[in-house]
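Overview (structure and organization)
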Amino acid sequence: MDDAAAVRHNREANRFELEREGRLAIAEYRLHGDTITFTHTYVPPELRGGGVGSALVRGALEYVRAQGLKVVPACSFVAKYMREHPETQDLLAAQHSFDF
């Protein structure tokens, strides 16, 4: 199964979720108009290093693209992912640059 396709959008909690091995990885956000600010990403320690965080962000950004939103990557993990994946950089909000 494609991990990015397994990402769930939990609107009530303002986060994207990916469950693996009974554990939940999350990417929290705030939505302001047509801009989504990713504020925090958490991957349980036992799932780190296996691509779960990247799959989570990839799935979240696929949703963002489909909705026509722009991204402010306030979370360092999301910022790093977007820096390393140029195909996502068109999603950056106009006023944002990678400052960290």
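Residues numbered from 1 in each chain as written. Predicted model: local features only at pLDDT ≥ 70, side-chain atom pairs only at ≥ 80, totals over all residues. Heavy atoms only, no water.

Thoughts on the nonpolar core
To keep it simple, the criterion reads: We define a nonpolar core as any set of buried Ala, Val, Leu, Ile, Met, Phe, Trp, Tyr and Cys residues linked to one another through side-chain atoms lying within 4.5 Å. Only protein chains enter the area calculation, which uses a 1.4 Å probe; residues under 20% of their type maximum are buried, those over 50% are exposed, and those in between are partly exposed. Here a helix means four or more residues in a row that DSSP labels H or I, a strand means two or more in a row labelled E, and each is numbered from the N terminus.
Within the largest apolar cluster, 25 residues are counted, with the highest numbers of intra-cluster contacts made by Phe16, Ile36, Phe38, Leu61 and Val71. Listed by contribution, the elements that provide at least two residues to this core are β2 (15–20), β3 (23–32), β4 (35–42), α1 (52–67) and α2 (76–84). Looking at this core, the element that brings in the most residues is α1, giving seven residues.

Observations concerning the packing of aromatic side chains
To be explicit about the condition: For Phe, Tyr and Trp, where Trp contributes only its six-membered ring, two rings pair if their centres lie within 6.5 Å, and the inter-plane angle classes them as stacked under 30 degrees, edge-to-face over 60, or tilted in between.
Here the structure, examined in full by the defined rule, presents three aromatic pairs. With a centroid separation of 5.4 Å and 40° between ring planes, the pair formed by Phe16 and Tyr29 is classed as tilted. Of this pair, Phe16 sits in strand β2 while Tyr29 sits in strand β3, placing them 13 residues apart in sequence. Residue Phe16 is classed as buried on the basis of its relative accessible area, which comes to 1%. When its relative accessible area of 7% is taken as the criterion, Tyr29 is described as buried. Among the aromatic residues, those joined into a cluster by ring pairs are Phe16, Tyr29, Phe38 and Tyr63.

A closer look at α1
Applicable threshold: Expected helix span is given by 1.5 Å per residue-to-residue step, counting one fewer step than there are residues. Two residues form a contact once any of their heavy atoms are found within 4.5 Å.
Here α1 is 16 residues long and its end C-alpha atoms lie 23 Å apart, about the 22 Å a rise of 1.5 Å per residue gives. Three or more residues of α1 are buried, namely Val52, Gly53, Ala55, Leu56, Val57, Gly59, Ala60, Leu61 and Val64. For α1, the elements touching its buried residues are β2, β3, β4, β5 (70–73) and α2. Two residues or fewer after α1 comes Gly68, characterised by a positive phi angle close to 75°.

Things to note about the sheet that holds β4
The pairing of strands in a sheet comes from backbone hydrogen bonds and takes either a parallel or an antiparallel form. Let me state the cut-off plainly: Two strands form a pair only when DSSP identifies at least two bridges running between them. Where helices are involved, their axes are fitted lines through C-alpha atoms of the stretch in contact, as for all axes, and angles between N-to-C directions lie from 0 to 180°.
The strand order across the open sheet built from five strands is β1-β2-β3-β4-β5, with neighbouring strands paired in mixed fashion. With one partner strand each, in any of the chains shown, β1 (8–10) and β5 form the two edges of the open sheet. Shown here is a sheet whose adjacent strand axes are inclined to one another by a mean of 30°, direction ignored. Pairing of β1 with β2, which is carried by three bridges, proceeds in the antiparallel orientation. In the sheet register, His9 faces β2, and the bridge partner there is Phe16. In this fold α1 packs onto β1, β2, β3, β4 and β5, with an angle of close to 140° to the strand it touches most, β2. Together, β4 and β5 form the strand contacts of α2, whose direction differs from that of β5 by roughly 120°.

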